[in-house]
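Secondary and tertiary structure notes
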Amino acid sequence: MTRRGKGTSFSGGARGGDAISSGRSQRQLRVGEEIRHVLSEALRRAHFRDPDLDGLIVTVTEVRVSPDLKNATAFVLPLAGDDGAKVVKGLTRAQAYIRTLVAQEINLRFAPTLSFKLDTSFDTAGRIDSVLHRPEVRADVEREPEAQADIDKASGDDKQS
């Protein structure tokens, strides 16, 4: 006869209990950050034979890891944003060597398969900033408090009636 203990429900588990609002678990975030540090150090030391990576300063902005920790996507950005596609191609060619470095530095059951993408979040932020500083958008933002005051005044007149 098997005996079941109290509190053996798995409904809150790792996914529900420590899941971050972005949908990634605490472990995924921690492993991604560790991989980011290893990649940054490897790129800083620049032991690559690839001419596309020679002498370039590359920033690793984020590493996203799959839930099973077997795949990782590194978002990279070369200094001054020059030749981003060339850097991504070079890193993709050096993927096996970089994966070996990650496996040596991080104690995981499986070394994740790495893929590299150009980080465009800074470009997107710049475009949003330029839109927010346009004169027509600024006029709408400045006009909004006046419109809110008119709405408040109108609703106050309705309450008095």
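Below you will find a few notes about this structure.

The rules we used
Residues numbered from 1 in each chain as written. Predicted model: local features only at pLDDT ≥ 70, side-chain atom pairs only at ≥ 80, totals over all residues. Heavy atoms only, no water. Helix = DSSP H or I, 4+ residues; strand = E, 2+ residues; numbered from the N terminus. Phe/Tyr/Trp six-rings, centres within 6.5 Å; stacked < 30°, edge-to-face > 60°. Lys NZ or Arg CZ within 6 Å of the ring centre and 35° of its normal. Expected span 1.5 Å × (residues − 1). Buried < 20%, exposed > 50% of the residue type's maximum accessible area, 1.4 Å probe, protein only. Contact = heavy atoms within 4.5 Å.

By secondary structure assignment, the location of Leu101 is in helix H4 (residues 95–105). Spatially, the C-alpha atom of Leu101 lies 9.8 Å from that of Ile35, the residues being 66 residues apart in sequence.

Turning our attention to the packing of aromatic side chains. Per the counting criterion, the structure on display carries zero aromatic pairs. Residue placement shows Lys70 over the ring face of Phe110; its charged tip is 4.4 Å from the ring centre.

Let us now look at helix H2 (residues 26–45). Look at H2: 29 Å from first C-alpha to last across 20 residues, which is about the 28 Å you get at 1.5 Å a residue. Every buried residue of H2 is accounted for by Gln28, Val31, Gly32, Ile35, Arg36, Val38, Leu39, Ala42 and Leu43. Residues of H2 that are buried sit in contact with strand S1 (58–65), strand S2 (71–78), helix H3 (84–93), H4 and strand S3 (113–118).

No statement about biological role is implied by the geometric values presented.
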